[in-house]
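# Coordinate analysis (summary)
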Amino acid sequence: METKNIMIVGVGGQGTLLTSRILGGIITRAGYDVKLSEVHGMAQRGGSVVTFVRYGDKVYEPIVEEGQADVLIAFERLEALRYAHFLKKDGVLIVNDQKIAPMTVVTGAAEYPSDIIENLSKEYNVVSIDAMEEARKLGNTRCFNVIILGLAARSMDFTKEQWLDVIAKTVPAKTVEINQKAFLQGFEGE
């Protein structure tokens, strides 16, 4: 199998690390070699968090090069804009339609760009979702990241049952049911 490259980008506290653990779990259980690399900018202060996930028959390094990501999962609009250049020409960009102003915007030193998703859609295959709103409907906003993962899973080679199984084995026992519902919301939702 040709090596597949996935990136997960977000802001500290959005659940990128749990998402990468679920992704790493499903890939390992499917029998592939997997390499993960996590970069935690100023994550505790709302800075970027980037996770590279590479898998295939044999993977030698964890870093995804620019223009090589098959799937880019962005938990926030500006992060999607910041890392879109990592996407392959035929890759898919999954974007959570959420705005989290970075410190430079909060202090007035910069402006938050407008029409990010619309502008990205002109150049990339973009699928967006307001995962926070969908999570509110489920009654738990903390599971929004698993909704996004469910949406991204449509572009990956694993079955719904494999995903549900690895979620059950990865998340805390008391959150299995809500996380599985959240995944299905993204995976099966319209």
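Residues numbered from 1 in each chain as written. Predicted model: local features only at pLDDT ≥ 70, side-chain atom pairs only at ≥ 80, totals over all residues. Heavy atoms only, no water.

### So, the nonpolar core
As a reminder of what qualifies: What is meant by a nonpolar core is a set of buried Ala, Val, Leu, Ile, Met, Phe, Trp, Tyr and Cys residues, joined one to another through side-chain atoms within 4.5 Å. Buried residues are those whose accessible area, probed at 1.4 Å on protein chains only, stays under 20% of the maximum for their type, while exposed residues exceed 50% and partly exposed ones sit between those limits. Helix and strand assignments come from DSSP, with helices taken as H or I runs of at least 4 residues and strands as E runs of at least 2, each series counted from the N terminus.
Ranked by internal contacts, the top residues of the largest apolar core, which has 38 residues, are Leu-23, Ile-73, Met-156 and Trp-163. It is helix α6 (residues 144-153) that contributes the most residues to this core, eight residues altogether. By size, the runner-up hydrophobic cluster in this structure holds 22 residues, among which are Val-9, Val-64, Ala-74 and Tyr-112.

### What to know about the side chain of Asp-33
As a reminder, the rule being used: Whether two residues touch is decided by their heavy atoms; if any such pair falls within 4.5 Å, the residues are in contact.
Along the chain, Asp-33 falls in strand β2 (residues 33-40). In this structure, Asp-33 is in contact with Ile-27, Arg-54, Tyr-55, Gly-56, Asp-57, Lys-58 and Val-59, ignoring residues within four places of it in sequence.

### So, the environment of Gly-150
If you trace the backbone, Gly-150 turns up in helix α6. Residue Gly-150 is classed as buried on the basis of its relative accessible area, which comes to 0%. Note: C-alpha distance between Gly-150 and Ala-182 (32 residues apart in sequence) is 7.5 Å. Those residues in contact with Gly-150 that lie beyond four places of it in its chain are Phe-183, Gly-186 and Phe-187.

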